[in-house]
Amino acid sequence: MQFPLNGLTFVLDQLDLRFKEKTQLINYLREQNAKIASVLTASTDYLLVKREMDTYKTLRAKKLGIPSLNINYIYECQQNPDKVIDPNSFIVTSPEDKENFKNGNIPIKCSTAQSSSSVTKLNINTSKIKVWNYDDSNLPKFDEENAEVAKWAIFKETNDYSYVYFVLEIQVIPNNYFQFTTSDYRIRFRYEKQATTDVQNKNETNNVCIQYMFTDDVNEQQQLFLSYYNRIATMPRIARIKDMLPNKIGSKLLLRLLWSHKIDTQTLVDSVCQLVESIWLESIGDLQEMLNVKPESIILKNRCSPTARIIT
C-alpha cells in the first residue's frame, strides 16, 4: 500500500468546508502521518486550496516557493489507496504564472527563511541606521494591524532572582495591504529587552526597552537581525527559547503567531480547539449563505399589520 502523504506538512487555506468535512479531512491526513499547521514556514510542503484565488496565504506561499495544491488531490489519494497519484497534476497556478510559463519566463522562488550564510553580505554600518524608541512622538507610521512577523528570535538570560528577555522581530506589511497613507515603511525591525525580577515567585517587570529601525531594504533588515542575533547569542547565561512569552513581552503580532503555533502543536485541549473551530466555520458558512441571497428575492412581511412589512 502506498503512503504518499507520509511525513508531508500541509497548511490549509480558505477551503470553505463545514466542520464535519474539515474534521474528516484532518483525521485522514493524520492517519497518513501527515502534519497540519496554519503558519507557512520553509518546512511546509504544500498549501491546500480549493480553487484558484489570491489570499494572504497563497501570496505568501508564492514568495516562499511553496506550491499550492488542490484539495482534490487528497480526495483522490483517499479514494485510490493502492494507486500512485501524481501531485503535480493538482498544482494550482495563478494566471500570471501561466502567462510566464507560456512566454518562457519561469520566475525562481527563494524562501525568506534563509540561513545566515545565504544572506547577501553588504557593507552596512548598522550603527548609522536611525534607532527610534517606541514612545518617540515622531515615530514613523507603520500599519501594525495588517503586518506579519517574517522572522523572529527570543532569548532568555538567567541571573540570580531575575531574567532578561530579548525579542527580535522583522515585521512586514504584505503588498496588498501597504498604503502610504497609513505607513511610511513596509518593513521594520523591532528590538525589545525586558528584565523581570522573581520576588517570592512573583514576576515584577522593570527596565523595559523597545526600539524600532526602519528600512525597506530586505538585505539591510537581514543584516540588522543577524547583527543583534549574533551579539545576544554569544552572551553568557543566554538561551534561545521558542515557547509562549510571559505576559507583556513581545509585540502583539508575535504573540498572535506564537498562539497560532501553540494551537497547531495541540498543546491546548483538543476539544477546546474543535469547539472554537466549529463555531468559526459555522459562522462563516451562515454568513456566506446570507450574502448569497439576491436583494430582489427578499420579501417584506408583517404578521401584525397587513400594510406593514418586515424582512425575512
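Residues numbered from 1 in each chain as written. Predicted model: local features only at pLDDT ≥ 70, side-chain atom pairs only at ≥ 80, totals over all residues. Heavy atoms only, no water.

Asker: Explain the overall build of the protein chain residue by residue, including any values.
Answerer: Within the protein chain, the secondary structure is distributed over seven helices and 13 strands. Split into buried and exposed, the 312 residues of the protein chain put 34% on the buried side. For the protein chain, long-range pairs separated by at least 24 residues make up 65% of all intrachain contacts whose partners lie at least 6 apart in sequence. Surface summary for the protein chain: the accessible area is close to 19800 Å², and the carbon and sulfur share equals 51%. (Helix = DSSP H or I, 4+ residues; strand = E, 2+ residues; numbered from the N terminus. Buried < 20%, exposed > 50% of the residue type's maximum accessible area, 1.4 Å probe, protein only. Contact = heavy atoms within 4.5 Å. Areas by Shrake-Rupley, 256 points an atom, 1.4 Å probe, with all protein chains shown as cover.)

Asker: Describe the packing of aromatic side chains, with residues and values.
Answerer: Evaluation of the coordinates by the stated rule reveals 11 aromatic pairs. Between F10 and Y46, the ring centres sit 6.0 Å apart and the planes meet at 20°, which makes this aromatic pair stacked. Here F10, found in strand β1 (residues 9–12), pairs with Y46, found in strand β3 (residues 46–49); they are 36 residues apart in sequence, far enough to count as distant. Counting every residue linked through ring pairs, the aromatic cluster contains F155, F189, Y191, F225, Y228 and Y229. When the ring centre of W132 is taken as reference, the NZ or CZ atom of K130 above it lies at 4.5 Å. Here the basic side chain of K156 rests over the ring of Y163, its NZ or CZ set 4.2 Å away from the ring centre. (Phe/Tyr/Trp six-rings, centres within 6.5 Å; stacked < 30°, edge-to-face > 60°. Lys NZ or Arg CZ within 6 Å of the ring centre and 35° of its normal.)

Asker: Describe helix α1 (residues 19–31), with residues and values.
Answerer: With 13 residues, α1 extends 18 Å between its outermost C-alpha atoms, agreeing within 8% with the 18 Å of an ideal straight helix rising 1.5 Å per residue. Every buried residue of α1 is accounted for by F19, K22, L25, I26, Y28 and L29. Just downstream of α1, N33 is the residue with a positive phi angle, here 65°. (Expected span 1.5 Å × (residues − 1).)

Asker: I'd love a proper account of the nonpolar core, names of residues and values included.
Answerer: In terms of nonpolar packing, the biggest core is built from 20 residues, with L5, F10, L25, L29, Y73 and I74 touching the most fellow members. Tallying contributions element by element places α1 first for this core, with four residues. Counting residues in hydrophobic clusters, the runner-up holds 19 residues, among them V149, I154, I241 and L245. (Core = buried A, V, L, I, M, F, W, Y, C linked by side-chain atoms within 4.5 Å.)

Asker: Help me get a handle on the side chain of S183, residues and values and all.
Answerer: By the secondary structure assignment, S183 is in the loop between β8 (162–172) and β9 (187–199). Looking at S183, its side chain comes within polar contact range of the main-chain nitrogen of D143, at 2.8 Å. If sequence neighbours within four positions are ignored, S183 has contacts with K141, F142, D143, I173 and F178. (Polar contact = N/O pair within 3.5 Å; in protein donor to acceptor, adjacent residues only side chain to side chain.)

Asker: I'd like a rundown of the sheet that holds strand β4 (residues 68–70), residues and numbers included.
Answerer: Strand order in the open sheet made by the five strands is β2-β1-β3-β4-β5, with mixed pairing throughout. Each of the sheet's edge strands pairs with one partner strand only, and the pair in question is β2 (35–37) and β5 (91–92). Against the sheet, α1 makes contact with β1, β2 and β3, and its axis sits at roughly 170° relative to β1, the strand it touches most. (Pairing = 2+ DSSP bridges. Axes fitted to C-alpha atoms, helices over the stretch in contact; angles between N-to-C directions.)

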